[in-house]
Amino acid sequence: MEYLTHCTRCPDSVHCCKNIRELGFVSVSVEEARKIKELTGQAFNEFLDFGPLPRETIRACTEDNKGSEGELRMAQMDGGRILRLKTAPTGDCIFLKGRKCTIYGGRPGICRIYPFWYRQKNGEMDVTLYERPSDCSVSKASEEKPPLSFQEKEEILSQARLLEAQRNLPKAVVRQFVEENRISCL
Ligand code: SF4
Ligand code: SF4
């Protein structure tokens, strides 16, 4: 699982778990949120956010191509909101502590798949690599030693299928979950 462990070697300056507030957000499904609650013992409203996304983030999603993450997020967005992890005052993911993900075993699907993504081609899903900064150690490694192993590809594709399954889930389900658990909408 060579490519899937490269993020642990990533420099802080480009690390995807850092400065998330500037880069975007870490979306979570209701099911993923339940797993995180179980793992951490925290209440949902301690780690989830349903506040309005910044306009520039929404704009970036609308400008993304078909089949991209932005397009998937637009399909899930509800009045400019999406269920996501909170960020710390530093802008880092709330679960990043001393360069380590404290919920690694239960991290959301988007964290499991990144910086890979997927595309539909002739009715089949294939794996692609996001365009990342030159310091991204996954990008570097994949330039030096492509391709992914069969096992790595399968793991990414199984996450991709889970992400796709979330595309058309009724927004009312998330709304109800947010209201019942008093998740911040500010
Ligand atoms: S995907 Fe690339 S830039 Fe992001 S944390 Fe991993 S190695 Fe760093
Ligand atoms: S949940 Fe873990 S892997 Fe995902 S952004 Fe937060 S610290 Fe990084």
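Calculation criteria
- Residues numbered from 1 in each chain as written.
- Chains lettered and ligands numbered in written order.
- Predicted model: local features only at pLDDT ≥ 70, side-chain atom pairs only at ≥ 80, totals over all residues.
- Near = placed C-beta within 6 Å.
- Nonpolar A, V, L, I, M, F, W, Y, C, P; charged D, E, K, R; others polar.
- Helix = DSSP H or I, 4+ residues; strand = E, 2+ residues; numbered from the N terminus.
- Expected span 1.5 Å × (residues − 1).
- Buried ≥ 20, exposed ≤ 12 C-beta atoms within 10 Å, placed from the backbone.
- Arc of directions from axis to C-beta.
- Contact = placed C-beta atoms within 7 Å.
- Pairing = 2+ DSSP bridges.

Draft legend 1. Region of interest: the site of ligand 1. Among the 12 residues in the neighbourhood of ligand 1, the closest are listed as Cys7, Cys10, Cys16, Pro115 and Cys136. For the shell around ligand 1, the per-class residue count stands at eight nonpolar, three polar and one charged.

Draft legend 2. Helix H8 (residues 150-165), seen in detail. For H8, which comprises 16 residues, the first-to-last C-alpha distance of 23 Å matches the rise-based estimate of 22 Å (1.5 Å per residue) to within 8%. Burial in H8 covers these residues: Ile156, Ala160 and Leu163. Seen from one end, H8 has its buried residues packed into an arc of 60 degrees, which puts them on one side. For H8, the exposed residues set more than 90 degrees away from the buried face come down to Phe150, Gln151, Glu154, Ser158, Arg161 and Ala165. Lining the buried residues of H8 we find helix H5 (69-76), helix H6 (109-113), strand S5 (116-121) and strand S6 (124-129).

Draft legend 3. Representation of unusual backbone geometry within the structure. In this chain, tyrosine 114 is followed by proline 115 through a cis amide linkage whose omega measures 5 degrees. One can find proline 115 in the loop between H6 and S5. The phi angle at asparagine 122 is positive, at roughly 50 degrees, despite the residue not being glycine. For asparagine 122, a count of 5 C-beta atoms within 10 Å gives the class exposed.

Draft legend 4. Structural context of the site of ligand 2. Taken together, the residues surrounding ligand 2 are Cys17, Val26, Cys93, Phe95, Leu96, Cys101, Ile103, Arg107 and Cys111. Among the residues forming the shell around ligand 2, the class breakdown is eight nonpolar, no polar and one charged.

Draft legend 5. Representation of the pairing of S6 within the structure. Where S5 and S6 come together, six bridges link them in antiparallel fashion. The partner of phenylalanine 116 across the bridge, within S6, is leucine 129. As consecutive antiparallel partners, S5 and S6 are separated by two residues, and within that stretch asparagine 122 has a phi angle of approximately 50 degrees, a positive value.

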